[in-house]
Amino acid sequence: MGQSVSTAKLRSRRDWDHRQQSKPKSTPLICPMQAEAAGELERTSIDVSLDFISDLPDECLACIFQSLSPGDRKRCSLVCRRWLVIEGQSRHRLSLNAQSDLHPRIPSIFSRFDAVMKLALKCDRRSVSIGDDALVLISERCRNLTRLKLRACRDLTDVGMSAFAKNCSGLKKLSCGSCTFGARGMNAVLDNCPALEELSVKRLRGITDGAAAEPIGPGVAAAALKTICLKELYNGQCFGPLIIGAKNLKSLKLFRCSGDWDKLFPLIVERVTGLVEIHMERIQVSDVGLAAISNCSNLEILHLVKTPECTNSGLAAVAEKCKLLRKLHIDGWKANRIGDQGLIAVAKSCPNLQELVLIGLNPTKLSLEMLASNCLNLERLALCGSDTVGDAEISCIAVKCIALKKLCIKSCPVSDHGMEALASGCPNLIKVKVKKCRGVTSEGADWLRAIRGSLAVNLDIGEQIDASASDGGAQDNGVEFPPIVAGQIGAPSIASSSAGRSTSFKFSGLLSGRSFVACTLRRLASSNGTSRS
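Note that the structure is predicted; figures quoted are calculated from it, not measured.

The number of helices and strands found in the chain is 20 helices and 19 strands. Relative to its 533 residues, the chain shows a buried fraction of 45%. When contacts within the chain are restricted to residue pairs at least 6 apart in sequence, long-range pairs at least 24 apart make up 75% of them.

Written as structure tokens, this is what we have:
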């Protein structure tokens, strides 16, 4: 019984299938536009499976890699062998942990990165650094090296530096800090690297202190040197022959280097006539040295930081002869040796002044009004740690400084009334930073923002401290104003320094490497899709 029912059901199902197959099938109507869209969709689905990256030339892929961050470059190098090779061959900048265990890895590292031109070797101060053998091996692998940075490589000696200099004679920039090689190693670099343009030396412990110190320079590198920076050297004056012999020197920076520099500056300016920038911080220099510096008629940038023996007379001598001065930074260390008299001399003789930073000075309305009236190009002004800069002085600045774009006020007796003056003055002002001024309240800053919507107001109400009188006063109060580029779009960024204490107004471009890569790949995909369709 059950089988007959099942057989009947099966027979009926077969009959139904036969009837469905025998029915004439209708052809759907498709308009031309639908057909074209369907074809394009089919081509798109086919193109998605294609590997456009394989069609990129190695040079184009290398250009893309160079636009990526270091982390993204590392990740890209793991994609395939081709990317690994191209990423290594296109890397021109490399930073390595220079501990002693780096030595056996040097051949493999520089076999992959065989086009490195800028190399940084940094070691932890508590670790054992690489020695001469490792540095020589690196120099043999990187003969096209143009920049070298050494940090805390305490096991390097004069022998290793001499061998390195002979192998990397095309070096253009050398920066060394907390190393222990001495004058012979430095002289070897100067004698074998004729293209050296920048030299930065910090805490070079191998230099002998006292009269027995071996002089450094000038060497064949002196003719090409453009920048010399010396920091925290027991006997920085042993670099005197190098400085004097660098006839094309443009920038000289001296930070906490012992010795009487008043004796050396007359010899320097007699031979080096093209100096444009001079930084002096906590060195032994007085009005005698400033009088010699005044003969640098091309001087545009001068920093006097914690040089208490410099007075109004020395500053006036510089101002009267250095009429091209554009940037002037003075940290008076609250010694009251520089004041209205020196600043009035600057106002009278330096009409091209664009940037003025005064720390630990006590200027009054008299000098500030003259600076504002005579220096019509003044765009950046910082007043820090002053007992005399109050609401009246800020009001004077607001009225007189027409070209001012950036203003920084720190640890000054300014109140909300001074902020009110800025609401109607300084028509070109784009940024105001107020820090540790107890009289300025958040309500006053908010009011100023509301009145001038386009003005960026940065208020930091911190504990009032006498920063300029401390050892770190210059860094804590220091203000750096980079030049403003017309049409530049950017965002504020934190200053980069070894101590991390400097205050700066920096604007960086918003060019994104990732967006560049994405745009490049999309453009390539679009062009290939068109050619294959």
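Moving on, we get to the packing of helix α3 (residues 58-66) against helix α5 (residues 81-89). Where α3 contacts α5, the two axes come as close as 9 Å, and the packing angle between them is 70°. Classified by the angle between their axes, α3 and α5 sit roughly perpendicular to one another. When the axes of α3 and α5 are compared, the crossing they make is right-handed. Counted together, D58, L61, A62 and F65 of α3 and R82, W83, I86 and E87 of α5 form the full contact between these two elements. Its residues placed into classes, the contact of α3 with α5 shows five nonpolar, no polar and three charged.

For the structure shown, the criterion picks out 12 salt bridges. Here R380 and E379 are joined by a salt bridge, their closest N and O atoms 3.3 Å apart. Among the residues examined, R380 registers a relative accessible area of 2% and is labelled buried. A salt bridge links D460 to K435, with the shortest nitrogen-to-oxygen separation between them at 4.0 Å. Taken as a pair, D460 in strand β15 (residues 456-460) and K435 in strand β14 (residues 431-435) lie far apart in primary sequence, 25 residues in all. A relative accessible area of 32% places D460 in the partly exposed class. Bridged by salt links that share partners, the residues R203, E232, R256 and E281 form one connected network.

Relative placement of two packed helices is described by the angle separating their axes and the distance separating the axes. Between helix α7 (residues 132-141) and helix α8 (residues 158-167), the shortest axis-to-axis distance is 9 Å and the interhelical angle comes to 0°. In terms of orientation, α7 and α8 fall into the roughly parallel class. Taken together, the residues of α8 that come into contact with α7 (itself represented by D132, L135, V136, S139 and E140) are V159, G160, M161, A163, F164 and N167. A per-class count over the contact of α7 with α8 returns six nonpolar, three polar and two charged.

The next subject is unusual backbone geometry. In this structure, the amide linkage connecting G217 to the following residue, P218, adopts the cis form with an omega of 0°. Structurally, the position occupied by P218 is in the loop between β5 (198-202) and β6 (227-231). At R256, a residue that is not glycine, the phi angle is positive and equals roughly 50°.

Here we come to the pairing of strand β9 (residues 301-305). Buried residues dominate β9, accounting for five of its five residues. Here β9 shows two buried faces, one formed by I301, H303 and V305 and the other by L302 and L304. Where strand β8 (residues 277-281) meets β9, five bridges bridge the pair, whose relative direction is parallel. The partner of M280 across the bridge, within β9, is L304. The parallel pair β8 and β9, bridged by helix α12 (residues 287-293), forms a crossover whose chirality is right-handed.

This part takes up a positive patch on the surface. A cluster of basic residues, R93, K122, R147, K149 and K172, forms a positive patch on the protein surface. Here K122 lies in strand β2 (residues 118-122).

Let us look at the state of the cysteines. Enumeration according to the criterion identifies zero disulfides in this entry. Free cysteine C176: the closest other cysteine sulfur is in C179, separated by 5.6 Å. Classification of C176 by relative accessible area gives buried; the value is 2%.

Note that soluble globular proteins tend to have their nonpolar side chains buried in a common cluster. Counting residues in each nonpolar core, the largest one holds 127 residues, and the members touching the most others are L121, M186 and F239. Beyond its immediate chain neighbours, meaning those up to four positions away, M186 contacts L174, C176, F181, L199, V201, L204, I216 and F239. Membership of the second largest hydrophobic core comes to 10 residues, among which are L61, I64, L68 and I86.

A separate point is the packing of aromatic side chains. By the definition in use, this model includes two aromatic pairs. Aromatic pair F65 and W83: ring centres 5.5 Å apart, planes at 70°, arrangement edge-to-face. Of this pair, F65 sits in helix α3 while W83 sits in helix α5, and the two are 18 residues apart along the sequence. This pair shows no difference in class: F65 is buried, exactly as W83 is. Relative to F265, the ring of W261 lies with its centre 6.4 Å away and its plane at 50°, an arrangement referred to as tilted. Here the two residues W261 and F265 agree in accessibility, since each one is buried. The ring of F255 has K231 sitting right over it, with the charged end atom 5.1 Å from the ring centre.

So, on to helix α15 (residues 365-374). Among the residues making up α15, those that are buried are S367, L368, L371 and A372. For α15, the arc enclosing every buried residue in end-on projection is 130°, short of the 170-degree limit, so these residues lie on one face. On its buried face, α15 sits against α14 (340-349), β11 (355-359), β12 (380-384) and α16 (391-400).

Within the fold, S129 resides in the loop between β2 and α7. Each C-alpha atom, one on S129 and one on L156, is 8.1 Å from the other, the two residues being 27 residues apart in sequence. With residues near it in sequence (within four places) discarded, S129 still touches A98, Q99, S100, C123, A152, C153, R154 and D155. Within the local environment of S129, its side chain forms a polar contact with the backbone nitrogen of R154, the two atoms lying 3.1 Å apart. A polar contact is formed between the side chain of S129 and the backbone nitrogen of D155, at a distance of 3.1 Å.

All buried positions along helix α17 (residues 416-424) are accounted for by G418, M419, A421, L422 and A423. Buried residues belonging to α17 abut α16, β13 (406-410), β14 and α18 (442-451). Just downstream of α17, C426 is the residue with a positive phi angle, here 45°.

Let us now look at the confidence of the model for the chain. Close inspection of predicted coordinates is inappropriate for parts of the model with low pLDDT. For the chain, the average pLDDT comes to 82, and 77% of its residues sit at 70 or higher. Predicted confidence is poor over residues 25-30, with pLDDT under 50, and the contacts of this stretch with residues over four places away or in other chains come to two contacts. Scored below 50 in pLDDT, residues 464-476 shows 42 contacts in the model against residues more than four places distant or in partner chains.

Parameters and conventions
- Residues numbered from 1 in each chain as written.
- Predicted model: local features only at pLDDT ≥ 70, side-chain atom pairs only at ≥ 80, totals over all residues.
- Heavy atoms only, no water.
- Helix = DSSP H or I, 4+ residues; strand = E, 2+ residues; numbered from the N terminus.
- Buried < 20%, exposed > 50% of the residue type's maximum accessible area, 1.4 Å probe, protein only.
- Contact = heavy atoms within 4.5 Å.
- Axes fitted to C-alpha atoms, helices over the stretch in contact; angles between N-to-C directions.
- Parallel < 35°, antiparallel > 145°, perpendicular 65-115°, else oblique.
- Left-handed = near helix turned anticlockwise from the far one by under 90°.
- Nonpolar A, V, L, I, M, F, W, Y, C, P; charged D, E, K, R; others polar.
- Salt bridge = Lys/Arg side-chain N within 4 Å of Asp/Glu carboxyl O.
- Pairing = 2+ DSSP bridges.
- Right-handed = clockwise from strand over helix to strand, strands pointing away.
- Patch = residues over 30% accessible without salt bridge, like charges linked within 9 Å, V, L, I, M, F, W, Y side chains within 5 Å.
- Areas by Shrake-Rupley, 256 points an atom, 1.4 Å probe, with all protein chains shown as cover.
- Lys, Arg positive; Asp, Glu negative; His and termini not counted.
- Charge placed at Lys NZ, Arg CZ, Asp CG, Glu CD.
- Disulfide = S-S within 2.5 Å.
- Core = buried A, V, L, I, M, F, W, Y, C linked by side-chain atoms within 4.5 Å.
- Phe/Tyr/Trp six-rings, centres within 6.5 Å; stacked < 30°, edge-to-face > 60°.
- Lys NZ or Arg CZ within 6 Å of the ring centre and 35° of its normal.
- Arc of directions from axis to C-beta.
- Polar contact = N/O pair within 3.5 Å; in protein donor to acceptor, adjacent residues only side chain to side chain.
- pLDDT = per-residue confidence, 0-100.

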